[in-house]
Amino acid sequence: MNTSAKKRRQNHVKPGSKTSKSAASMLSGGQTAEIGVEGSFVEGSILRISMKNFLTYDYSVLYPGPNLNMIVGANGTGKSSIVCAICLGLAGKTSILGRGDKVGLYVKRGCNKGFIEIELFKPGGNVVINREIHVENNQSLWMLNGRHCNQKSVEEEVKALRIQVGNLCQFLPQEKVGEFAKMSKIELLEATEKSVGPPKMHEYHCELKNYHNKERELENVLKEKASFLEKAKQRNERNKHDVNRYYEKKRHLDVIELLEKKKPWVEYETTRKEFEGAKKERDNAKKQLTALKQAQAPMLAKIQLIDNQLKPTEAQIKSKTVHIKEASLKCKQKQEQLERKHKEVADIKQTQRLKQMEEEDHQKRISNTRRTIDDLKAELAKVADQPDMTPRINAVNVELRNIREERAKTEGEKADLRREKDNLYAESTLLVRKLSDMNNMMNAKEEKLQRRHRDTHTALQWLRHNRHLFAGNVHEPMMLVINVRDHRFAKFVENHISFHDLRAFVFQRKDDMEKFMTEVRDKMNLKVNSISAPEDLCFRRPPSRNIESLRRFGFFTYLREMFDAPDEVMSYLCHQYKVHDVPVGNDQTKAMMKTVIEEPYLRVFYTTDERYTLKRSHYSNKISTSNSAVHPSQYLTITVDAEAKRQLEQQMKTCEVKLRDIDERIKVLQAEAATLDRRDNELLAEKKHLSEVKGKKRQLEQKISTKQDSLGQMEHGVIDLQKIEEETKEKIAGVNSQKVSIVGAFMVNMKLRSTLSMEKVFLALETVGLMAEKAKLENDCRDGTSELKNIVEICSRLEQRKVQLTAQCKGLLKRAMTICKMKPEESLPEDLRNAFSKLPDTLDEIDATLNEERARAECFTGLSENVVDEYNKREQEAKHLEKELEDQSTALGAYRQNISEVWRMALRGGPLAHVNHVVNLSWMTGHLT
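Because the structure is a prediction, the values reported are computed rather than measured.

Draft legend 1. Up close: the overall build of the chain. Within the chain, the regular secondary structure consists of 22 helices and 17 strands. Considering only residue pairs separated by 6 or more positions, the chain has 72% of its internal contacts joining residues 24 or more positions apart. On the chain, roughly 57700 Å² of surface is accessible, and the fraction owed to carbon and sulfur atoms is 51%.

Right under this line is the structure:
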């Protein structure tokens, strides 16, 4: 309460007064008090505390005595205000008090700023600290001994007086009593040192702890490295034998490598010598071949002379042969011409026979046509006596038109019904799809319920099969029947209603609920939750205030308006959760929070992302606010409009009824169409018969006329056989005269062919004589030719062998140089030449030595270069570890010397010497870490 200076209430308490404590305990909000106690003070003691517009005080001055240790009093007397003033006036943080986190919250409600002034005792001049707190920006103005300064200067001055408001052993607000009780022995020791010990006491303590920790770390490192060094030496000692075996194996491998390098050189030298021998053999064979060719030269010349004589004779024989072939070809051509004339005579005779057969057939057709005309005339005489069919045909046509009009009308009605049926099918399919989508969303909700609480889902399945057992309404779990109108609102509804109730079954009647729980909980042993709806219609309750009166704060609706639910479910939520009276706001609401919380009737409300709960104190009428974040929805984001679903189901039933009616009407129309089709077929058959009877006379008359025309044409086209016979004789006589000419030419060519054949025989006899002489000469040369052929083959084989050995030598030389890593035109290095001289010189000896060395090398199994690398690496590591051990042993000695030095300083006059009356030294030594 605000009071003026005239109305201030001042309570002066003298030193030693019995009423000082009670006077201090009676201070409360809205009061002004000045309390003082005199005595002897130590440096840093509080002489005076002044507060203005601070928490519960309009203005207050306190004079604590030199032994202030505790502030006690009844609730609401202002104890916490004094403690807060001490903390904040001495530059303490708001977190020490465990109340509001902003300094502006400590100014009295309704004031723009508050003041704290604290006077501290200090020999040579007291210290006065002023702090002015502004609510608007949570800023503070500091003054030290009447001069403006910053907070850091005040903190340094307070620290110099050894005041520690953050130390619970020196300054303990009632909100931090629980934390003080939870402090460990080590924390209590450190806080006590800081509170009652000399300035450097805690620093020496921390230094000793650090030294001891480092000492233990160094000792552990020394032990680990010494152990590792010993193990490394032992491993190397075990591996030394493997290293020696590895080097022994390497010596054998080096010998193998040299042998493999020398082997291609020996192979090359062997092949080169073989090449030289083959070259000499080839040269000798060439000399023998030349001698044989010189011995056979005369006989070969005579054979050549006979060949020269045979060439003209053979040319004449070939010429005669060509002329004989030409004469034979001409004879053959004349013979073919003669055969074609024979065939031409036969064709002329065949044509005459065909004309005769054609005339015979023509006469037969004339006779048949005359008989057909007579038969048609007789039938026409019979048909002429029947009555006229035209009136009956006209009557049938009229009836057919009527039937077809009825059929067209019926088909039109059927087409309309089919279109209507297709439209209903399309509408039904769309409705089925929409219902399926809704059912899928409900299934998704059920799947979430099943994953979160399987017993509730099992009970739900039982309820759906046994709903007939209950007299009143029974609603499935709330999360399935609540339908949020906008998925963005789901988070508010879900955060407001506990999951325990979201999975609950809601019953209209209590006896139904008891029956349900007996079945599912007692008999089926399921853990489910059930709720009985209130008897009164709570869902119709109006909110305490119209939403329009709250729109200025950003509230736009109440929670009840965000979702739909059955009446019983909504009644329970209004009764239990007051959803009809919980407003929902936006960011504007959050920005106006200070004004909103002062509104009456608001207990719970929501902003965009937070839930706020307001509580009003019964003592001071002060409002406390708690807020929590609104978590995203997990279960209610899936929305299904129950009314829309019911309408869809009703539309589905209507479509099914209409489809059944259409099917019945189509069946009736199909029966009518079938009757019309039968009558139509009967009339068509009758019309066809009448038309046939009516048109038969006309058809007969047309046929008779057609046959008579055909008979006239046939009689006009009679063939003259005598004329054709005379023409045939003239054609045969002309062909016979041509045959005589062809036979004469044929005889001339036959005589020419005979003459040429005789001349060819004489030339052939002359050629046979020359060939016999040539054969005798060739027989004489045959033995020499056979020997010559053998020598030629030998020369060819030797030449091939020489080429093969040349290529083999080049390949072996290239391979040898490649193995030895030599460049072209480079000679064998001196070191390899010396090494090769100590090795065998033959291939057999090299192969034998290689097999022996490989066998010895294979005896050294399980060895690799890694063994030597690891051995050398561990040798280096051992040397490095020995050096590290030496350095760290020196460092450990230095740390131990430092620890001894710190203890000497502490015990000979350091800070520990002054607190032996407070802390037992041996106990402290055991709790350094």
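Draft legend 2. Region of interest: a negative patch on the surface. Where like charges cluster on the molecular surface, the negative patch consists of Asp 720, Glu 725, Glu 726, Glu 727 and Glu 730. With respect to the helices and strands, the residue Glu 730 is situated in helix α18 (residues 721-819). The class for Glu 730 is exposed, based on a relative accessible area of 61%.

Draft legend 3. Region of interest: helix α14 (residues 567-577). For α14, the tally of buried residues reaches eight of 11 residues, placing the bulk of the element in the interior. For α14, the complete set of buried residues consists of Glu 568, Val 569, Met 570, Ser 571, Tyr 572, Leu 573, Cys 574 and Tyr 577. Count one or two residues on from α14 and you reach Lys 578, which has phi positive near 55 degrees.

Draft legend 4. Looking closely at the pattern of salt bridges. For the structure shown, the criterion picks out 29 salt bridges. Between Arg 48 and Glu 119 there is a salt bridge, with the nearest N and O atoms lying 3.3 Å from each other. Here Glu 119 lies in strand β4 (residues 113-120) and Arg 48 lies in strand β2 (residues 46-54), a separation of 71 residues in the sequence. In this structure, Arg 48 and Glu 119 share a single accessibility class: buried. With a shortest N-O distance of 3.7 Å, Asp 522 and Arg 521 are connected by a salt bridge. Looking at Arg 521, the relative accessible area reads 44%, which means it is partly exposed.

Draft legend 5. Expanded view of a nonpolar patch on the surface. Residues Met 758, Val 761, Phe 762 and Leu 765 make up a contiguous nonpolar surface patch of roughly 440 Å² in combined accessible area. As for its placement among the helices and strands, Leu 765 is situated in helix α18.

Draft legend 6. Fine view of helix α2 (residues 79-89). Burial analysis of α2 places 11 of its 11 residues in the buried class, the great majority of the element. Those residues of α2 that are buried lie in contact with β2, β3 (57-63), β4, β5 (127-134) and β6 (139-144). The positive-phi residue at the C-terminal boundary of α2 is Ala 91, with phi of around 65 degrees.

Draft legend 7. Region of the structure containing the packing of aromatic side chains. By the definition in use, this model includes 10 aromatic pairs. A ring pair is formed by Phe 492 and Tyr 606, whose centres lie 5.7 Å apart and whose planes are at 70 degrees; its orientation type is edge-to-face. Taken together, the residues span a long stretch of sequence, with Phe 492 in helix α11 (residues 490-496) and Tyr 606 in strand β15 (residues 604-606) at a distance of 114 residues. Given the relative accessible area of 5%, Phe 492 is considered buried. Residue Tyr 606 is classed as buried on the basis of its relative accessible area of 0%. Consider the rings of Phe 555 and Phe 605, whose centres lie 5.6 Å apart with planes at 85 degrees: the pair is edge-to-face. Taken as a pair, Phe 555 in the loop between β11 (530-532) and β12 (557-558) and Phe 605 in strand β15 lie far apart in primary sequence, 50 residues in all. The pair Phe 555 / Phe 605 is uniform in exposure class, with both members buried. An aromatic cluster is built from Trp 462, Phe 470, Phe 505, Phe 507 and Phe 516, whose rings are joined through pairwise contacts.

Draft legend 8. Fine view of the packing of helix α9 (residues 454-465) against helix α13 (residues 510-523). Two elements in contact, α9 and α13, have axes whose closest approach is 11 Å; the angle formed by their N-to-C orientations is 125 degrees. Considered as vectors, α9 and α13 are oriented oblique to each other. The way α9 lies across α13 gives a crossing that is right-handed. Between α9 and α13, the contacting residues are Ala 459, Trp 462 and Leu 463 on the first element and Phe 516, Glu 519 and Val 520 on the second.

Draft legend 9. Fine view of the sheet that holds β11. As summarised here, the arrangement of the three strands in space is β8-β10-β11, forming an open sheet in which the pairing is mixed. Of all the strands in the sheet, the pair left with one neighbour each is β8 (474-475) and β11. Two strands pair when backbone bridges link them, and β8 and strand β10 (residues 505-507) are joined in this way by two bridges, in the antiparallel orientation. By the bridge assignment, Val 474 is partnered in β10 with Phe 507. The sheet contacts of α13 involve β10 and β11, and relative to β11 the element is tilted by about 165 degrees.

Draft legend 10. Up close: the pairing of β5. Counting buried residues in β5 gives six out of eight residues, a clear majority hidden from the surface. In this sheet, β5 lies alongside β4 in antiparallel orientation, the contact comprising eight bridges. From the neighbouring strand, Glu 119 faces β5, where its bridge partner is Val 128. Between the antiparallel neighbours β4 and β5 lie six residues, among them Gly 124 with a positive phi of about 90 degrees. The loop that links β5 with its antiparallel partner β6 comprises four residues; one of these, Asn 138, has a positive phi angle of about 55 degrees.

Draft legend 11. Inspection of the confidence of the model for the chain at higher detail. Chain-level pLDDT for the chain is 76 on average; 80% of the residues reach the 70-or-more range. In the model, residues 1-39 has pLDDT below 50 throughout and makes 79 contacts with residues more than four positions away in sequence or in other chains. Residue range residues 909-929 is modelled with pLDDT below 50. Its contacts to residues more than four positions away, or to other chains, number 42 contacts.

Draft legend 12. Expanded view of the side chain of Ser 571. Here Ser 571 shows up in helix α14. Aside from chain neighbours lying at most four places away, what touches Ser 571 is Pro 534, Asp 536, Leu 537, Cys 538 and Phe 539.

Draft legend 13. Summary view of the nonpolar core. Core analysis: the biggest nonpolar cluster contains 50 residues, and Met 478, Ile 482, Phe 516, Phe 563 and Leu 573 have the highest contact counts within it. When near neighbours in sequence (up to four residues on either side) are disregarded, Phe 516 contacts Ala 459, Trp 462, Leu 463, Phe 470, Phe 505, Phe 507, Arg 521 and Val 528. Grouped together as the second largest cluster of nonpolar side chains are 36 residues, Phe 54, Ile 86, Cys 111 and Val 154 included.

Draft legend 14. Here's a closer look at the environment of Asp 680. Checked against the element boundaries, Asp 680 lands in helix α17 (residues 642-716). Taking relative accessible area as the criterion, Asp 680 reaches 5% and is therefore assigned buried. When sequence neighbours within four positions are dropped, the list of residues in contact with Asp 680 reads Leu 400, Ile 403, Arg 404 and Arg 407.

Draft legend 15. Quick look at unusual backbone geometry. Although it is not a glycine, Asn 145 adopts a positive phi angle of roughly 55 degrees. With respect to the element layout, Asn 145 can be found in the loop between β6 and β7 (147-149). By relative accessible area, Asn 145 is classed as partly exposed at 45%. Although it is not a glycine, Lys 578 sits at a positive phi angle of roughly 55 degrees. Within the secondary structure, Lys 578 is located in the loop between α14 and β14 (583-584).

Draft legend 16. Structural view of the pairing of β6. Bridging between β5 and β6 involves six bridges; their strand directions are antiparallel. Looking at β6, one finds that Glu 132 is bridged to Leu 141. Both β6 and β7 contribute to a ladder of three bridges, which runs antiparallel. Bridge pairing links Trp 142 to Cys 149 in β7. Taking the residues that link successive antiparallel strands as the turn, the β6-β7 hairpin has two residues, and the phi of Asn 145 there is positive, at about 55 degrees.

Draft legend 17. Local environment of the environment of Leu 602. Along the chain, Leu 602 falls in the loop between α16 (593-596) and β15. Among the residues examined, Leu 602 registers a relative accessible area of 6% and is labelled buried. For Leu 602, the contacting residues outside a window of four places in its chain are Phe 555, Pro 583, Val 596 and Leu 614.

Conventions we followed
Residues numbered from 1 in each chain as written. Predicted model: local features only at pLDDT ≥ 70, side-chain atom pairs only at ≥ 80, totals over all residues. Heavy atoms only, no water. Helix = DSSP H or I, 4+ residues; strand = E, 2+ residues; numbered from the N terminus. Contact = heavy atoms within 4.5 Å. Areas by Shrake-Rupley, 256 points an atom, 1.4 Å probe, with all protein chains shown as cover. Patch = residues over 30% accessible without salt bridge, like charges linked within 9 Å, V, L, I, M, F, W, Y side chains within 5 Å. Salt bridge = Lys/Arg side-chain N within 4 Å of Asp/Glu carboxyl O. Lys, Arg positive; Asp, Glu negative; His and termini not counted. Charge placed at Lys NZ, Arg CZ, Asp CG, Glu CD. Buried < 20%, exposed > 50% of the residue type's maximum accessible area, 1.4 Å probe, protein only. Phe/Tyr/Trp six-rings, centres within 6.5 Å; stacked < 30°, edge-to-face > 60°. Axes fitted to C-alpha atoms, helices over the stretch in contact; angles between N-to-C directions. Parallel < 35°, antiparallel > 145°, perpendicular 65-115°, else oblique. Left-handed = near helix turned anticlockwise from the far one by under 90°. Pairing = 2+ DSSP bridges. pLDDT = per-residue confidence, 0-100. Core = buried A, V, L, I, M, F, W, Y, C linked by side-chain atoms within 4.5 Å.

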